[in-house]
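What follows is the residue order along each chain.
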Amino acid sequence: MTENSNNDRVFSIFRELNHIPRPSHHEERVADYLCRFAEHLHLEYERDARNCVVIRKPATPGHEAADPIVLLNHMDMVCVGMSNPLNDPIESYVENGWMKARGTSLGADNGIGLSMALAVLEDDSIVHPALEVITTTNEEDGMSGAAALSKDFLRGRKVINLDSEDYDTITTGAAGACLQFHRIPIKKMPVPNDMHRWYRIRIEGGLGGHSGVDINKGRCSAQIPARTILEAICQGSSIEVADIEIGEANASIASKGEMVIGVADDNTYEFLKELLDSVNHTLHRQFEGTDPNIVCRVEECEKQDTVIPKATLMALANCLAKVPQGMVRMSEAMPGTVETSNNVGRIVAEADHIFVSTHTRSFIDSDMAELSQNIAKSFAAAGAESEVVMSAPAWQENQQSAFLQLVSDTFQDTLGWRPRMVAMHFVLEAGFFVQHYPGIQIASIGPRIVEPHSTSERVELKTIDDIWQVLIELLKRLS
């Protein structure tokens, strides 16, 4: 593969990473790789109980007096489109100046940034201060790695975060987030005697995407048609539901899902067909311009042994009707930026409960807390238990600081243009770092990554080269 890069080592490291499965909660093999990487270079490193790794490299000789610099990334990725994410490698390819993956998410979020940081460690020709390359775990599904970092894991107080997808910006702030898991109890029942025809309803073709940066693009979460179908089924029909599985990841807009249902006679099947025709007509009308290919299909499937009680299905539908999906409010202080949102990531029928994940984001911590609590109350009314899996604070830098101005000047002098400084409606670990390490300053930069957390994820090669040049020059100036 030819990337036409000014630094081929970044791409070769990225290919190595993409042969190491790294879904959230299963980063042990990547942590092993990072430790071996450090040992090969004879560099000091630490690995904590959650597999976060920091690798330290001394300053270039003559630059020992400069403040140490931290390069921040995370090692996990959202594995979309993978039948076996614990074992399947990612097959990447280049097309028209973009790197993509065949049928899966690419892992450029945050594999490209991590590859850059490791390439810096490997290249002794780069002038730099003392470096700490820290790579955290479970950033995509709870940020538990960053949340549990010890107070002495980092020494530096200036951080270049390479986990950014907006090439022409310096991210100087990020929304806070609250990830909750809700469990509605189920007591499954034997299949009624007259239930003899079984079908699988597939919701497919949605664009999906990142539940932060894509949340205001008007895309259709698969839970929307699923809720409509559930409501219709619960209103007096003789259709039974045996299984539900909606969404791929807690941090993604659900692009697909399926429900296994049973019918007793031809009349009930005709009702089902009419229902799906109506749902598809509504989807086409409502999302023609933003998510045109999402559709519901039906196919025959195997016989089931148990079904979910209608009362449980209605409780689920009622909860989903009360929980916001998508943008809740735009920011007045930051025009064009989503202030508060919520996304229903996954809905899965387990043996004794229906699992639902919700991901609430806001730049105002009190608003995030209030909305999260209201969502939990809605589920509590249905007899569900709710668990806060992650609550990350919002983060905002002083855009006039000397550190951020230096980053901006480096873009101007290296690439000939000055980036915007913006706060983004995704969640970064920066909020935890600000809590753990007083006085820390963070600038987030990165190449152009489009459609992260989806099978359409891609990264523009030229922007990788550009950010690499900015990074190398910035380290030189900081030294």
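Scroll up a little and you will see the structure.
Described in the following lines is the structure provided in the data block. Computed from a prediction, not measured in an experiment: that's the story for all the values here.

Criteria and cut-off values
Residues numbered from 1 in each chain as written. Predicted model: local features only at pLDDT ≥ 70, side-chain atom pairs only at ≥ 80, totals over all residues. Heavy atoms only, no water. Helix = DSSP H or I, 4+ residues; strand = E, 2+ residues; numbered from the N terminus. Expected span 1.5 Å × (residues − 1). Buried < 20%, exposed > 50% of the residue type's maximum accessible area, 1.4 Å probe, protein only. Pairing = 2+ DSSP bridges. Contact = heavy atoms within 4.5 Å. Axes fitted to C-alpha atoms, helices over the stretch in contact; angles between N-to-C directions. Polar contact = N/O pair within 3.5 Å; in protein donor to acceptor, adjacent residues only side chain to side chain.

## What about helix 3 (residues 108–122)?
With 15 residues, helix 3 should reach 21 Å at 1.5 Å per residue; the first-to-last C-alpha distance of 20 Å fits that figure. Of all 15 residues that make up helix 3, 14 are buried, and the element is covered over most of its length.

## Description of the sheet that holds strand 23 (residues 449–450)
The four strands lie next to each other as 4-5-24-23, forming an open sheet whose pairing is antiparallel. Two strands in the sheet have a free side with no partner beyond their single neighbour: strand 4 (92–95) and strand 23. As paired strands, strand 4 and strand 5 (residues 98–101) are joined by four bridges and run antiparallel to one another. In the sheet register, Ser-92 faces strand 5, and the bridge partner there is Ala-101. In this fold helix 11 (residues 461–478) packs onto strand 4, strand 5 and strand 24 (458–460), with an angle of close to 60° to the strand it touches most, strand 24.

## With respect to the side chain of Ser-164
Along the chain, the position of Ser-164 falls in the loop between strand 7 (158–161) and strand 8 (169–174). Since its relative accessible area comes to 2%, Ser-164 is described here as buried. Within the structure, the side chain of Ser-164 is placed 3.5 Å from the side chain of Thr-171, a separation counted as a polar contact. In this view, Ser-164 contacts Thr-171, Ser-444, Ile-445, Gly-446, Pro-447 and Ile-449; residues no more than four positions away in its chain are not counted.

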